[in-house]
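Residue strings, one per chain:
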Amino acid sequence: MVLSLSGVVLAGCAQVPRNAGFETVQQLVHDRVDRQVHWNQDEATQSTVTTAITELLTKELSVNDAIQIGLLSNRRIQATFEELGITQADVVQAGLLRNPSLSFRPRWSSPSQGTGSNVEIDLVFYFVDMVLVPARKRLAEKQFEQVKLQVTDHVLGFVADIQTRFLMLQGARQAEAMRQAVFEASEASYELARRMNVAGNLSDLQLARERGQLELTRVDLARAASDSRAAREALTRDLGLWGNDINYRVAERLPEVPDGDVPLDKLESFAVEQRLDIRAARKESEALADAVGITRDYRWLLMTEIGPDTERDFDGSWVTGPHFVLELPIFDQKQAAIAKAAAQLRQSEHRLFALAVEARSDVRAARDRLVAARDLADHFRKVVIPTREQIVRLSMEQFNFMLVGVNDVLLAKRDQYDAYQQYIEAVRDYWIARSDLQRAVGGKLPPPTHQAPDPALQKRTIPAAPSPKPIDADNDDPHKNHK
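Residue numbers restart at each chain and count upward from 1, following the sequence in its written direction. Local features are withheld for residues below a pLDDT of 70 in this predicted model, meaning they are given only at 70 or higher, and side-chain atom pairs are given and counted only at 80 or more; totals for whole chains, interfaces and linings count all residues. Side-chain descriptors were evaluated using all non-hydrogen atoms of the structure, hydrogens and water having been removed beforehand.

## Some words on the overall build of the protein chain
Line of reasoning, step 1. Numbering of helices and strands runs from the N terminus; a helix is a DSSP stretch of H or I covering at least four residues, while a strand is a stretch of E covering at least two. Counting its secondary structure elements, the protein chain contains twelve helices and four strands.
Line of reasoning, step 2. Any residue under 20% of the maximum accessible area for its type is buried, any over 50% is exposed, and the rest in between are partly exposed; the area is computed with a 1.4 Å probe on protein chains only. Looking at the 483 residues of the protein chain, the share that counts as buried comes to 41%.
Line of reasoning, step 3. The contact criterion used is simple: two residues touch if any of their non-hydrogen atoms lie within 4.5 Å. Within the protein chain, counting contacts between residues at least 6 apart in sequence, those at least 24 apart form 80% of the total.
Line of reasoning, step 4. To measure how exposed things are, a 1.4 Å probe is used in the Shrake-Rupley method; for residues, cover is taken only from the protein chains shown. Element-wise, carbon and sulfur atoms account for 54% of the exposed surface of the protein chain, whose accessible area totals about 26,800 Å².

## A word on unusual backbone geometry
Line of reasoning, step 1. Positioned with a positive phi, aspartate 34 is a non-glycine residue whose angle comes to about 55 degrees.
Line of reasoning, step 2. Despite not being glycine, lysine 334 has its phi angle at roughly 65 degrees, a positive value.
Line of reasoning, step 3. Considering the arrangement of structural elements, one finds lysine 334 in the loop between strand S4 (318-326) and helix H10 (335-400).
Line of reasoning, step 4. Given the relative accessible area of 30%, lysine 334 is considered partly exposed.

## Topic: the confidence of the model for the protein chain
Line of reasoning, step 1. Chain-level statistics for the protein chain give a pLDDT mean of 82 and a share of 87% at 70 or above.
Line of reasoning, step 2. Looking at any residue, its pLDDT shows the predictor's confidence there, from 0 to 100. Mean pLDDT values for the elements of the protein chain range from 35 in helix H12 (residues 478-482) up to 93 in helix H4 (residues 63-73).
Line of reasoning, step 3. Taken together, the stretch residues 7-11 has pLDDT below 50 and engages in six contacts with residues farther than four places along the chain or on a different chain.
Line of reasoning, step 4. Counting interchain partners and residues more than four positions distant, the pLDDT-below-50 stretch residues 451-483 has 70 contacts.

## What about empty space enclosed by the protein?
Line of reasoning, step 1. In this analysis a 1.4 Å probe is tested at points of a 1 Å grid over the protein atoms alone, and where it fits but cannot get out there is a cavity; an open set with protein on both sides within 12 Å along at least five of seven lines is a pocket; lining residues have an atom within 4 Å of a point. Grid points are joined across faces, edges and corners, and a volume is the space filled by probe spheres set on the points. Across all of its chains, the model carries three cavities of 30 Å³ or more by this definition.
Line of reasoning, step 2. Here the largest cavity defines a volume of roughly 80 Å³.
Line of reasoning, step 3. The wall of the largest cavity is formed by Arg32, Val33, Leu156, Val159, Ala160, Gln163, Ser435, Gln438, Arg439, Gly442 and Gly443.
Line of reasoning, step 4. Sorting the residues of the lining of the largest cavity by element identifies helix H2 (22-33), helix H6 (127-198) and helix H11 (406-441) as the ones contributing at least two each.
Line of reasoning, step 5. In terms of residue count, the dominant contributor to the lining of the largest cavity is H6 (four residues).

## Focus: helix H5 (residues 75-94)
Line of reasoning, step 1. With 20 residues, H5 extends 29 Å between its outermost C-alpha atoms, agreeing within 8% with the 28 Å of an ideal straight helix rising 1.5 Å per residue.
Line of reasoning, step 2. Turning to H5, its buried residues are Ile77, Gln78, Thr80, Phe81, Leu84, Thr87, Gln88, Val91, Val92 and Ala94.
Line of reasoning, step 3. Residues of H5 that are buried make contact with H2, H4 and H6.
Line of reasoning, step 4. Pairs of N or O atoms are called polar contacts if they sit within 3.5 Å, as long as, within protein, a hydrogen donor faces a hydrogen acceptor (for residues adjacent in sequence, only side-chain-to-side-chain pairs). Between a side-chain oxygen at the N-terminus of H5 and the backbone nitrogen of arginine 76 the separation is 2.9 Å; the capping residue is asparagine 74. The span you would expect from a helix comes to 1.5 Å times its residue count less one.

## Quick look at the layout of surface pockets
The probe, sized like a water molecule, is rolled over the atoms to show the empty space still left.
Line of reasoning, step 1. One number sums up the size of the largest pocket: a volume of about 550 Å³.
Line of reasoning, step 2. Surrounding the largest pocket, 23 residues form its lining, Val63, Asn64, Ile67, Gln163 and Gln438 being those nearest its centre.
Line of reasoning, step 3. No other element matches H6, which puts five residues into the lining of the largest pocket.
Line of reasoning, step 4. For the lining of the largest pocket, the class distribution of residues is twelve nonpolar, six polar and five charged. In this count, Pro and Cys sit with the nonpolar residues alongside Ala, Val, Leu, Ile, Met, Phe, Trp and Tyr, while Asp, Glu, Lys and Arg are called charged and the others, Gly among them, polar.

## Observations regarding the packing of aromatic side chains
Line of reasoning, step 1. Here is the rule: rings of Phe, Tyr and Trp (six-membered ring for Trp) pair when centre to centre is within 6.5 Å. Planes less than 30 degrees apart are stacked, more than 60 are edge-to-face, and the remainder are tilted. In this structure the tally under the stated criterion is three aromatic pairs.
Line of reasoning, step 2. Seen in terms of ring centroids, phenylalanine 22 and phenylalanine 81 are 5.0 Å apart; in terms of plane orientation they differ by 70 degrees. Their pairing is edge-to-face. Separated by 59 residues along the polypeptide, phenylalanine 22 in helix H2 and phenylalanine 81 in helix H5 bring together distant segments of the chain. Neither phenylalanine 22 nor phenylalanine 81 differs from the other in exposure class; each is buried.
Line of reasoning, step 3. Geometrically, the ring pair formed by tyrosine 430 and tryptophan 431 is edge-to-face, given 5.1 Å between the ring centres and 80 degrees between the ring planes.

## Side note on the pairing of strand S2 (residues 117-126)
Line of reasoning, step 1. Burial within S2 is extensive, with eight of its ten residues counted as buried.
Line of reasoning, step 2. Note that strand S1 (residues 101-108) and S2 share eight bridges and pair antiparallel. By the bridge assignment for S2, leucine 102 is matched with leucine 123.
Line of reasoning, step 3. In this structure, S2 lies alongside strand S3 (residues 304-312), joined through six bridges in antiparallel fashion. Across the sheet, the residue bridging to tyrosine 126 is glutamate 305, located in S3. Paired strands are those between which DSSP finds at least two bridges.

## Here's the deal with the nonpolar core
Side chains of nonpolar character tend, in soluble globular proteins, to be buried together.
Line of reasoning, step 1. Residues belong to one nonpolar core when they are buried, are Ala, Val, Leu, Ile, Met, Phe, Trp, Tyr or Cys, and are joined through side-chain atoms within 4.5 Å. Ile69, Phe81, Leu84, Leu239 and Tyr248 are the most contacted members of the largest nonpolar core, which totals 44 residues.
Line of reasoning, step 2. Counting residues per element, the ones that place at least two in this core are H2, helix H3 (43-57), H4, H5, H6, helix H7 (204-239) and helix H9 (276-297).
Line of reasoning, step 3. Ranked by residues supplied to this core, first place goes to H6 with 13 residues.
Line of reasoning, step 4. If near-sequence neighbours (up to four positions away) are discounted, phenylalanine 81 is found in contact with Phe22, Val25, Val37, His38, Trp39, Val151 and Val155.
Line of reasoning, step 5. Residues Val182, Phe380, Val427 and Leu437 belong to the second largest nonpolar core, which totals 30 residues.

## Some remarks on the environment of alanine 356
Line of reasoning, step 1. Topologically, alanine 356 is positioned in helix H10.
Line of reasoning, step 2. C-alpha separation for the pair alanine 356 and aspartate 277, spaced 79 residues apart in sequence, amounts to 9.4 Å.

## A few points about the sheet that holds S1
Line of reasoning, step 1. Judged by pairing direction, the sheet is antiparallel, and its four strands sit side by side in the order S1-S2-S3-S4 without closing on themselves. Of all strands in the sheet, those bounded by a partner on one side alone are S1 and S4. Recorded for the sheet is a direction-independent mean angle of 20 degrees between the axes of neighbouring strands. In this analysis, axes come from line fits to C-alpha atoms, helices being fitted only over the stretch in contact, and the angle between any two N-to-C directions falls in the range 0 to 180 degrees.

## A short note on H7
Note: α-helices contain 3.6 residues per turn, so residues at a spacing of three or four share the same orientation.
Line of reasoning, step 1. With 36 residues, H7 extends 52 Å between its outermost C-alpha atoms, agreeing within 8% with the 52 Å of an ideal straight helix rising 1.5 Å per residue.
Line of reasoning, step 2. Within two residues after H7, glycine 240 carries a phi angle of roughly 75 degrees, on the positive side.

## Points about the pattern of salt bridges
Close approach of charged atoms allows side chains of opposite charge to pair.
Line of reasoning, step 1. The term salt bridge refers to a pairing of a side-chain nitrogen on Lys or Arg with a carboxyl oxygen on Asp or Glu at a separation within 4 Å. Under the defined criterion, the tally for this structure stands at 25 salt bridges.
Line of reasoning, step 2. The salt bridge involving aspartate 153 is made with arginine 439; its shortest N-O contact spans 3.1 Å. Placement of aspartate 153 in helix H6 and of arginine 439 in helix H11 is noted, with a sequence separation of 286 residues between them.
Line of reasoning, step 3. Between arginine 194 and glutamate 191 there is a salt bridge, with the nearest N and O atoms lying 2.7 Å from each other. Taken as a pair, arginine 194 and glutamate 191 lie in helix H6 at a separation of three residues, close to a single helical turn.
Line of reasoning, step 4. Taking relative accessible area as the criterion, arginine 194 reaches 34% and is therefore assigned partly exposed.
Line of reasoning, step 5. Exposure remark for glutamate 191: the relative accessible area of 28% places this residue in the partly exposed category.
Line of reasoning, step 6. Within this structure, Arg105, Glu120 and Asp122 form a network of salt bridges that share partners.

Written out as structure tokens, the structure reads:
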């Protein structure tokens, strides 16, 4: 009994750690995306975070800057971190003994039987708690490890979302800039056509066609501007910014597709080892296996109470002895609880296996999208855009010799602008596919492998605005490039 009382006292001194395993989350995030996360638990921490965000917002944001701001500012991420505090409290609670109960029963005799009183005092300890505390705490600690992995995996998913939003905004801004330049060129072209029409050198039909082209470019510009605003708002929402902070600046151009790319072999096994959702599922299975064992091993204890009992009789004498309460397992022998726990364990194991299969599929699908996006961007850069530029140049030459009409030139220019637009989208899709692949493998991708560049196909950057240039037929023949 003395040992039991000592256990009660020591358990009552247990404190809930403030960091709640957050340092594990910080390390896991840093290892996979090289970013810092902070859990804002008080005003001092919030003030430091606000200062850091303000400093980042003073410059043009890169994708890494945007990720860092989102991790610091987004309140849904901060709400996710509170899961650590909730689960840490459950761990502490699992290590606490149930409070003993004290019962006091005074009794008085009836007046006809004379004066007298009887008192019974019980102090009850719940014996099953004393036995189950170590096992229950081990189970809670495994569940805590599972939650830490789940929280980190949620953070990594959030990082991937910001990367995608940022790339979408960059692509939209670059497309808008290109469409703005196209519109300004169309305005100048229409003004020239109008003057030629007034001078009698251009027919009304040709002028109307030029006006129609101008209005189409106006519509394209309006759509591009709308897409840019929508992409910016989506990123702002993920960054958790409001007020004057929404006036941040981002790099206007997408990065170019690199010459080398990540090695694509062995990514499936890499993902199974590295993905935190798979690790969390394993922890869940381990915890459920422990739960099955606890339910099966301790079912006969059920509701067991033990403690001292003392009673003062009517004659004033005291009687003291032990107090036992044992639930008789006649009707409920916990067979249903054991069957339920076993089913939950099998369910968890099936989910773990399915998750591993789905992770491998996610990697293959992301890898295929990356390869396809890279091939498409390369094809636009090396074949489609040079061909469209050549068509415009040749159309202008024939127009100067009056071999084709102005409508043919306008059509060639429009096709050229559409090629620029599709190239920007292809580069954007490549970087999004790369981000998706990083998310699918659960962390950093292996370092890229570099290949020797082809001098004849190099140095054609993403066009920020249409700028058709003469093409050297020997060095930039599209059929050569296609080979």
